[in-house]
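Descriptive structure summary
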Amino acid sequence: MLGKTNITTLKEGGIVTDVADFSLVSMQSGVHTDFVRCIYENGYLVAISQDGSVAWTTDGEVWNTVKLEYDDCWLNDIDWDGTRFVIVGSCTEPTSENAKTVGLAVFTEDFETFEKAEYSLNEDNYKYYCVFHQNGSYMIVVNYRTRSSGANGVYYDGVYILYTNFIKEKKREALWRMSNGAKFSISATKNDAGLLVCTKS
């Protein structure tokens, strides 16, 4: 369920001094799963779900939905870069041995057409957890699994921040790494000033 607000305000010099007749109206979005992120930019109110569904409206009344058709699509975050929206998460891609989980980044201006970033990292498996756009570059929180070289290579799970324009990598900053499948969780929040990432094991 998504909602809209109906607010009448009394303003004095652009400052809200009173709010009258406040109501929250339930609206059916057509998506039957939990939403994980929402954003309001460029006249669009958008919400995404982990199963790959995107719901959006421009008036709070009529909701449109689309499901991104990538194998095992999993969405984690959405941001606005000043000209288009970027949605990140993960999907699977076939390899010579088996399917591989890779980060997914999709761009759209209108939620009618989507463009997948053809960009990959040299990890065994990885997901894009969060995206933040600043100064022409994207900061992406990457959750990865990789294996050390050798016959008895050890698997490492970790998190780092990737700075990229989806054409080439600019730099990365390691946040956390643990061997042998240790359990951990990631949380992230952001505002116009920056990105805060927390890991817990």
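Given the structure is predicted, the values throughout are model-derived calculations rather than measurements. (Residues numbered from 1 in each chain as written. Predicted model: local features only at pLDDT ≥ 70, side-chain atom pairs only at ≥ 80, totals over all residues. Heavy atoms only, no water.)

A word on the overall build of the protein. The helix and strand inventory of the protein stands at zero helices and 16 strands. Classification of the 201 residues of the protein by burial places 37% in the buried group. At a minimum sequence separation of 6, the contacts of the protein that also span at least 24 residues come to 40%. (Helix = DSSP H or I, 4+ residues; strand = E, 2+ residues; numbered from the N terminus. Buried < 20%, exposed > 50% of the residue type's maximum accessible area, 1.4 Å probe, protein only. Contact = heavy atoms within 4.5 Å.)

Turning our attention to the pattern of salt bridges. Tallying each qualifying case throughout the model produces ten salt bridges. Residue Glu-169 pairs with Arg-172 through a salt bridge whose shortest N-O separation is 2.9 Å. By relative accessible area, Glu-169 is classed as partly exposed at 33%. Accessibility expressed as a relative area gives 35% for Arg-172, which makes it partly exposed. One network of salt bridges, with partners in common, ties together Arg-37, Asp-77 and Lys-190. (Salt bridge = Lys/Arg side-chain N within 4 Å of Asp/Glu carboxyl O.)

Here we come to the environment of Glu-112. Considering the arrangement of structural elements, one finds Glu-112 in the loop between β9 (99–108) and β10 (115–116). Each C-alpha atom, one on Glu-112 and one on Val-66, is 8.5 Å from the other, the two residues being 46 residues apart in sequence.

With 35 residues, the main nonpolar core has Val-46, Val-54, Phe-111, Tyr-128, Val-142 and Phe-166 as its most contacted residues. Secondary-structure elements contributing two or more residues to this core are β4 (44–49), β5 (53–57), β7 (74–80), β8 (85–94), β9, β11 (125–134), β12 (137–147) and β13 (155–164). Once you skip the residues sitting within four places of it in the chain, Val-142 turns out to touch Leu-121, Tyr-126, Lys-127, Tyr-128, Gly-158, Val-159, Tyr-160 and Leu-162. Grouped together as the second largest cluster of nonpolar side chains are eleven residues, Cys-130, Met-139, Ala-188 and Leu-195 included. (Core = buried A, V, L, I, M, F, W, Y, C linked by side-chain atoms within 4.5 Å.)

What follows concerns the sheet that holds strand β3 (residues 35–41). Strand order across the open sheet formed by four strands is β3-β4-β5-β6, with antiparallel pairing between neighbours. Each edge of the sheet is formed by a strand with only one pairing partner; in this case those strands are β3 and β6 (64–67). Averaged over all pairs of adjacent strands, the angle between strand axes in this sheet comes to 20°, irrespective of strand direction. Two strands pair when backbone bridges link them, and β4 and β5 are joined in this way by four bridges, in the antiparallel orientation. (Pairing = 2+ DSSP bridges. Axes fitted to C-alpha atoms, helices over the stretch in contact; angles between N-to-C directions.)

This next bit is on the packing of aromatic side chains. On inspection of all chains with the given rule, the structure shows 13 aromatic pairs. A ring pair is formed by Tyr-44 and Phe-85, whose centres lie 6.0 Å apart and whose planes are at 85°; its orientation type is edge-to-face. Separated by 41 residues along the polypeptide, Tyr-44 in strand β4 and Phe-85 in strand β8 bring together distant segments of the chain. Residue Tyr-44 is classed as buried on the basis of its relative accessible area of 16%. The exposure class assigned to Phe-85 is buried, which follows from its relative accessible area of 0%. Arranged with centres 5.4 Å apart and planes meeting at 85°, the rings of Phe-107 and Phe-166 form a pair that is edge-to-face. On the criterion of sequence distance, the pair formed by Phe-107 in strand β9 and Phe-166 in the loop between β13 and β14 (169–179) is long-range, its members being 59 residues apart. As far as the burial class goes, Phe-107 and Phe-166 line up, both buried. Members of the aromatic cluster, each reached through a chain of ring pairs, are Tyr-44, Trp-56, Trp-80, Phe-85, Phe-111 and Phe-114. Cation over ring: Arg-84 sits above Phe-107, and NZ or CZ is 3.7 Å from the ring centre. Against the face of Tyr-163 rests Lys-171, its NZ or CZ located 4.8 Å from the ring centre. (Phe/Tyr/Trp six-rings, centres within 6.5 Å; stacked < 30°, edge-to-face > 60°. Lys NZ or Arg CZ within 6 Å of the ring centre and 35° of its normal.)

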